[in-house]
Amino acid sequence: METIRRAAKVHPISDLQIEYGLASRGVEARILPALRELGIGMTAYGVLSRGLLTGAKPSGPRDMRAHFPRFAAGNAEKNQPLVDALARLAAAKHVSPAQLAIAWVRARSAAEEVTIVPTMGSRTRKHIAEALGSLDVSLDASDVAALEAAVPAGQVAGARYGEAQLAALDSER
């Protein structure tokens, strides 16, 4: 947060790219309020927590997810109930878990009074179509509350990155 304030004093900042999604909500306490105060938007990456929220599993040791703590043995099993809860809510709305998670980030934009643009990586046309389909998903306050109850802040087991990587992230200080 202090880095954002220092940077904004030197040059106007229009956007901060940072990880944000149902599974990664650490920015809510200090960074989002600073962005709101300074009129800075956010480009949110990691919206699906590298596929964790969709139930994706690492396909082998060459899959980068195999090296992230949230996918490690023990943590993956602890996170499965959160994944299942999101899947149930998505099924009730007749959308995919990915679409629901992306729609939640868009809904947080209005709630936080900060322009938040979710961005997703994609390896297939199917994934692109699915992400674009999230634009048709509308959430009301009760939907947002249900999602936040299903995947509570701070309840995802395992850090976003390994210890050495986390130490290098300014957003974690």
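Above: the structure in question.
None of the values given here were measured: they were computed from a predicted structure.

1. Concerning unusual backbone geometry
Of note in the backbone geometry, histidine 94 takes a positive phi value of approximately 60 degrees without being a glycine. By the secondary structure assignment, histidine 94 is in the loop between α3 (75–93) and α4 (97–112). For histidine 94, a relative accessible area of 74% translates into the label exposed. Phi at glutamate 113 takes a positive value of approximately 55 degrees, unusual for a residue other than glycine.

2. Some points on the nonpolar core
Within soluble globular proteins, side chains that are nonpolar tend to cluster in buried spots. Of all hydrophobic cores here, the largest spans 39 residues; its most connected members are Tyr20 and Met42. Counting residues per element, the ones that place at least two in this core are α2 (31–38), β2 (41–45), α3, α4 and α6 (141–150). Broken down by element, this core gets its largest block of residues, seven residues, from α4.

3. Describing the packing of aromatic side chains
The tally for this structure, following the rule as stated, stands at one aromatic pair. With centroids separated by 5.5 Å and ring planes inclined at 40 degrees, the aromatic side chains of tyrosine 20 and tryptophan 104 adopt a geometry described as tilted. In this pair, tyrosine 20 sits in the loop between β1 (15–19) and α2 while tryptophan 104 sits in helix α4, placing the two residues 84 residues apart along the sequence. Across the pair, tryptophan 104 and tyrosine 20 agree in class, each one buried. In this arrangement the basic side chain of arginine 50 is found over the ring face of phenylalanine 68, its NZ or CZ atom lying 4.9 Å from the centre.

4. Brief notes about empty space enclosed by the protein
Going through the model one piece at a time under the given rule, you end up with two cavities of 30 Å³ or more. In this structure, the largest cavity encloses a volume near 60 Å³. For the largest cavity, the full set of lining residues is Leu52, Gly55, Ala56, Lys57, Phe71, Ala76, Asn79, Gln80 and Val83. Empty space within the second largest cavity amounts to approximately 40 Å³. Together, Glu19, Ser49, Arg50, Phe68, Arg70, Phe71 and Arg160 line the second largest cavity. When grouped by side-chain class, the residues that make up the lining of the second largest cavity number two nonpolar, one polar and four charged.

Calculation rules
- Residues numbered from 1 in each chain as written.
- Predicted model: local features only at pLDDT ≥ 70, side-chain atom pairs only at ≥ 80, totals over all residues.
- Heavy atoms only, no water.
- Helix = DSSP H or I, 4+ residues; strand = E, 2+ residues; numbered from the N terminus.
- Buried < 20%, exposed > 50% of the residue type's maximum accessible area, 1.4 Å probe, protein only.
- Core = buried A, V, L, I, M, F, W, Y, C linked by side-chain atoms within 4.5 Å.
- Phe/Tyr/Trp six-rings, centres within 6.5 Å; stacked < 30°, edge-to-face > 60°.
- Lys NZ or Arg CZ within 6 Å of the ring centre and 35° of its normal.
- 1 Å grid on protein atoms, 1.4 Å probe; cavity = no way out; pocket = protein on both sides within 12 Å on 5 of 7 lines; lining within 4 Å.
- Points joined across faces, edges and corners; volume = space filled by probe spheres on them.
- Nonpolar A, V, L, I, M, F, W, Y, C, P; charged D, E, K, R; others polar.

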